[in-house]
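# Topology and contacts: notes
Residues per chain, in single letters:
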2 protein chains.
Amino acid sequence: MIDMDRPELGALLTRLLREVTRREQPLLDRAGLPMWDYVILSALSGGDASTQAELSAATGRDKTRLIENLDRLERRGLVTRTPDPADRRNRIVSLTADGRRVRRRCHAAIHAMEEELLAGLSPSERAAFEHALVRLVNDHDS
Amino acid sequence: MIDMDRPELGALLTRLLREVTRREQPLLDRAGLPMWDYVILSALSGGDASTQAELSAATGRDKTRLIENLDRLERRGLVTRTPDPADRRNRIVSLTADGRRVRRRCHAAIHAMEEELLAGLSPSERAAFEHALVRLVNDHDS
DNA sequence: TATTGTTATACTCTATAACTATA
DNA sequence: TATAGTTATAGAGTATAACAATA
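The rules behind the values
- Residues numbered from 1 in each chain as written.
- Chains lettered and ligands numbered in written order.
- Predicted model: local features only at pLDDT ≥ 70, side-chain atom pairs only at ≥ 80, totals over all residues.
- Heavy atoms only, no water.
- Least-squares fit on C-alpha atoms with pLDDT ≥ 70 in both.
- Contact = heavy atoms within 4.5 Å.
- Helix = DSSP H or I, 4+ residues; strand = E, 2+ residues; numbered from the N terminus.
- Expected span 1.5 Å × (residues − 1).
- Buried < 20%, exposed > 50% of the residue type's maximum accessible area, 1.4 Å probe, protein only.
- Arc of directions from axis to C-beta.
- Polar contact = N/O pair within 3.5 Å; in protein donor to acceptor, adjacent residues only side chain to side chain.
- Near = heavy atom within 4 Å.
- Nonpolar A, V, L, I, M, F, W, Y, C, P; charged D, E, K, R; others polar.

## A look at the relation of the copies chain B and chain A
- With an axial shift of 0.0 Å and an RMSD of 0.1 Å, the rotation relating chain B to chain A amounts to 180°. Taken together, the rotation angle and the small translation identify this as a two-fold axis. Considering only C-alpha atoms, the residue of chain B closest to the rotation axis is B:Phe129, which sits at 2.4 Å.
- Taken together, the interface assignments show that 100% of the residues at the interface of chain B recur at the interface of chain A, consistent with an identical surface on both copies.

Structure follows, in structure tokens:
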């Protein structure tokens, strides 16, 4: 009985993600943004969350570790934290105009990097890949 | 100028990898294998490396952290370390018959899990996805 | 009593440098 | 001198639990 040993999904995804991260790092460094800070800006930009608890769930960042990111982002004037009038335990996190600008610039740079990374795929291959990736992520949104 | 904000590759890959890992963990726990131990067994099984330095490069595991994994695997009788006669600084790492068995059993369980994870894709979607993934990883083997 | 945000503590992981034995 | 493997140590990242404010 021969084991074909097709490479595992975990191994493939790990390698590809490592490469994406490697290329992304200098782009974020240029903006002075730690990776998690950028992830948080992106989640806010996408409207995925308003309170810190929602932000934690949306990004997968532990709520206790989220705080140092928000502290730094707030200090830099990229986000604001304001108490929710409806339930004053909550704090609504919002992007400032500056935060939106910084995030958009980073996103553009990252988008260009991704174009380059995917350039080896034919248009149809690429469409199929991205479509399947989005499908899988949405199907299994833990 | 409207920013379409297509989700980024990094975010998508992170989420999917998180889900794969979450499903893989109990399978490895059942075999008593820490994640890295399994990665190392797999690399050896694939013939990607023979010395520890090569193993480190093949898996992306730091050479100093590799050692505790090899110590444990050797203690359990799943791998052997023997000095290379040609250059006695090197140590050749090999799978034992037991190591091969353990690794094959885990691989089978993980393979079944992946089948389930990908079940939502049509056969053509799935083929396209896997093909593109392998292409991208091979193209950018850092 | 339960929940949001926060702080403190302990634990794990990781990176660095130093050591040995070979070459 | 340089390299493979090993060990030790310090720093960063992480998880847990406890706390204050609010419901």
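## Remarks on helix 4 (residues 63–75) of chain A
Residue and element names in this part refer to chain A.
- With 13 residues, helix 4 ought to run about 18 Å at 1.5 Å a step, and its terminal C-alpha atoms sit 19 Å apart, in line with that.
- Among the residues of helix 4, Leu66, Asn69, Leu70 and Leu73 are the ones counted as buried. When helix 4 is viewed along its axis, its buried side chains cluster within an angular range of 100° and face the same direction. Within helix 4, the exposed residues directed more than 90 degrees away from the buried face are Thr64 and Arg75.

## Things to note about the side chain of A:Thr59
Residue and element names in this part refer to chain A.
- If you trace the backbone, Thr59 turns up in helix 3 (residues 52–59).
- Here the side chain of Thr59 touches Leu55 through a polar contact of 2.8 Å, landing on its backbone oxygen.
- At 3.2 Å, the side chain of Thr59 forms a polar contact with the backbone nitrogen of Arg61.

## Re the protein's contact with DNA strand C
- Taken together, 16 residues form the shell around DNA strand C, and within it A:Gln52, A:Ala53, A:Arg91, B:Arg65 and B:Arg89 come nearest.
- In the interface set of DNA strand C, defined as its atoms within 4 Å of the protein, sugar plus phosphate atoms amount to 63%.
- Between DNA strand C and A:Ala53 there is a distance of 2.7 Å, counted from a phosphate oxygen to a backbone nitrogen or oxygen.
- Within the contact set of DNA strand C, a base nitrogen lies 3.3 Å away from a side-chain nitrogen or oxygen of A:Lys63.
- Tallying contributions element by element places helix 4 of chain A first for the surface near DNA strand C, with three residues.
- Here the residues of the surface near DNA strand C sort into two nonpolar, five polar and nine charged.

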